[in-house]
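# Overview (structure and organization)
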Amino acid sequence: MAQYASILFSMILVNNFVLVKFLGICPFLGVSKKFDSAVGMGCAVTLVMVLAIAVTWPIQRLLAAWGLEYLQTIAFILVIATLVQLLDMAIKRYLPPLHASLGVFLPLITTNCSVLGVAILTVDEGYSYPQALVAGLGAGLGFLLAMVLFSGVRRRVEEAAPPEAFEGMPITLISAAIVAMSFMGFSGVIDHLFGA
Amino acid sequence: MSNADTRPSLFETMRPVVVLVVICLVAGVLLGVVHAATEPIAQANAEKKAQQTYAALVPTAASFAPLTCNVEGCTAALEARDAAGSPLAYVIVAQSKGYGGQVPIAVAFSPDGTVLSITAMSNDETPGLGTKIANESYIGQYVGLAAQPTTADDIDLISGATISSKAALAAFNTAVEAFEEVR
Amino acid sequence: MAQPTANATGESTLVGTFRRGLLEENPAFRQMLGLCPMLAVTTAVTNGVGMGMATTFVLVCSGVVVSLLRRVIPRTVRIPAFITIIASFVTLVMMLVKAYMPALDEALGIYLPLIVVNCIVLGRAEMFASKHGPLEAALDGAGMGLGFTFALIAMSSVREILGAGTFLGVRVLPPFVEPMIIMVMPAGGFAVLGFLIAGSVWIEEHPRHRHKVLRKASKPSPSLCAACPINCGVGDPSNEACVKDEFVEMLEAAVEAARKKDEAAQNADEERDA
């Protein structure tokens, strides 16, 4: 149990996908202007990450069994693209209320590098199936956390008046740097909490 | 609702699928060919690099015989032999999770159980901080230690790179465990 | 903001096609594409150069293939087809790098396969290569790729010199200057990119520094890749880039039709029961 907790929290805090690993920067900067859309995007990414791992992990086993590991990238990206498409359709068909809140974000996720990133990363780490699923959940929740925190920061930044050259993207990136700095403080936490 | 009506539309529906499948097949076959051509080179590279690491650890060894190790985190174990074939040292490669991924180290133990030499292999730790574990001032502390479980009390960790230096320590303990198994 | 496509047809010379990506439409500083590798691998100049060259290779090759196949691939499945082509070339690069440059393979790690989802590559395939001939597609890919490489080198130079005190591994700062480790940490990545973009805007806006190439350059595009459905940079980034993808529309129409059919069947059942 401690092992799973360690994986989960280190994915959320220490190896935060956005702020430490730099995966999924586009949605992080693009969709974090409003709190609601930040939460929606974060939830959609979390859902897709867990499902993507649920599918790609067995596929990796198959590829390895056939000696085709080198097709990993192609197989993963196509599977993830199909998965997102199917998920979008399924939610629209069976859970219309959920589609209203998450649906707009799903098509954005296909080529989001954080989803492919987490799939490849869990393979590289050699996680078992449950470990990989927990890692996917942690990566998604970490993304959600970063989005939510940053949307709060951003509301303040949007109202501020920085020097002209810094308006827009530059000042957003610099505030992201400060949020990333705060996450550096977590690096020792997991070590002491779970003895990992 | 005759068959004649549905046939052209069926072809039209199938065309995208056929094109996609053909592209995938062609890509798969071509990659298979390239893979067959590059894989031996990549493996030879990795092998050469590993041999260089081992040779740097035990310069007097004439050959290295691979041993099996079942300790988790131990990726390779070898017996370094002199020209006559008698064992000079045991080389263990072990790794542990650090800040940016696995931190692998290679340790050479003398048959009686002291650390002859040790080296930190390439890792993804933070440049300029976690990568300091490869410096002599840190990794050199292990030379001469006995092959027994070591704690942070025996080693000065690098301030600011606690996780990386602890990972190297954990990898060292794994190597000790593996050494006990193979000696 | 300049219309990139209009620009392309306006100065339809091949040189123009090549040069566009270098400055005016620099993918990283102007279009804000490919920020993930931009931030992640730029801790050392060698990594930046390696990443840039790998991306350029994928851009040129996938551009040529997409351009050659542009009449064969049906519009409805073009995105999956492009992704497959791009992923093949990325895998090819991975194999070559692993075989001939193992050190670079270790340094780039997971970010090498992630070129697949680099917005620049799919964006250029969709926006340019699928509409132009192979030669133009190759030049466009080379221009964009080198522009991206240039941005990576600029970023990694700053980070390596300030963060590690070295340039290409050679110590350049005097020994009494302690390197600022924060620069090679994630936080420094965001900050350096922010300052570089601000700097490029400042140079462009400042009358004294106004340069004829830069004057033509556009301001960083406010519409980020995430604003567009399915993939970043697809469609025209200068205006509402986010035209809904046809493939998605087709699928949605199919789902809608299926739903209506089900409902109709249900209604028919109910009527029969009644």
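Thresholds, definitions, all that
Throughout this document, residue positions are counted from 1 along each chain, in the order its sequence is written. Chains and ligands are labelled by the order in which they are written, letters from A for the one and numbers from 1 for the other. The model is predicted, so local features are restricted to residues of pLDDT at least 70 and side-chain atom pairs to those at 80 or more, both for listing and for counting; the totals for chains, interfaces and linings are taken over all residues. In DSSP terms, a helix is any run of H or I states spanning at least four residues, a strand is any run of E spanning at least two, and both are numbered starting from the N terminus. The size measure is the radius of gyration over C-alpha atoms, and the globule rule it meets is 2.2 Å times the number of residues to the 0.38 power. We call a residue exposed when 12 or fewer other C-beta atoms sit within 10 Å of its C-beta, buried when the count reaches 20 or more, and partly exposed for counts in between; the C-beta positions come from the backbone. Here, residue contact means that the backbone-derived C-beta atoms of the two residues sit within 7 Å. Three classes are used: nonpolar for Ala, Val, Leu, Ile, Met, Phe, Trp, Tyr, Cys and Pro, charged for Asp, Glu, Lys and Arg, and polar for all others, with Gly counted as polar. For this entry, the nonpolar core is defined as buried Ala, Val, Leu, Ile, Met, Phe, Trp, Tyr and Cys residues connected by C-beta atoms within 7 Å.

### With respect to the overall build of chain B
In terms of helices and strands, chain B carries 3 helices and 5 strands. Along chain B, helices (α) and strands (β) appear in the sequence α-β-β-β-β-β-α-α when read from the amino end. Computed over C-alpha atoms, the radius of gyration of chain B comes to 25 Å, more than 25% over the 16 Å expected from 2.2 N^0.38 for 183 residues, which places it beyond the range of a compact globule. When the backbone C-alpha atoms are referred to their principal axes, chain B occupies close to 85 × 45 × 25 Å. Per-residue burial over chain B gives 37% buried out of 183 residues. Put simply, 55% of the contacts in chain B that link residues at least 6 apart link residues at least 24 apart.

### Thoughts on the interface of chain C and chain B
Each partner contributes to the interface: chain C provides 27 residues, whereas chain B provides 22 residues. Looking at the side of chain C that touches chain B element by element, the count peaks at 11 residues for helix α5 (residues 78-100) of chain C. Grouping the constituent residues of the side of chain C that touches chain B by class yields 18 nonpolar, 7 polar and 2 charged.

### Concerning the nonpolar core
Nonpolar side chains tend toward joint burial in soluble globular proteins. Counting 150 residues, the largest nonpolar core has A:Leu116, C:Cys36, C:Val58, C:Ile86 and C:Phe190 as the members making the most contacts within it. With 15 residues, α5(C) is the single largest residue contributor to this core. Setting aside residues no more than four positions away along its own chain, C:Phe190 makes contact with A:Leu173, A:Ile174, A:Ala176, A:Ala177, A:Ala180 and C:Leu39. Core analysis: the second largest hydrophobic core is formed by 45 residues, B:Leu78, B:Ala94, B:Ala106 and B:Ile118 among them.

### Structural notes on unusual backbone geometry
We note that A:Phe22 has phi near 55°; this positive angle belongs to a residue other than glycine. Within the secondary structure, A:Phe22 sits in the loop between α1 (2-14) and α2 (25-30).

### So, the interface of chain A and chain C
Each side of the interface is counted separately: chain A has 45 residues, and chain C has 49 residues. Counting only elements with at least two residues in the side of chain A that touches chain C, the list comes to α2, α4 (72-94), α6 (106-109), α7 (113-125) and α9 (169-184) of chain A. Element by element, the count of residues in the side of chain A that touches chain C is highest for α9(A), at 10 residues. The residue inventory of the side of chain A that touches chain C, partitioned by class, reads 33 nonpolar, 8 polar and 4 charged.

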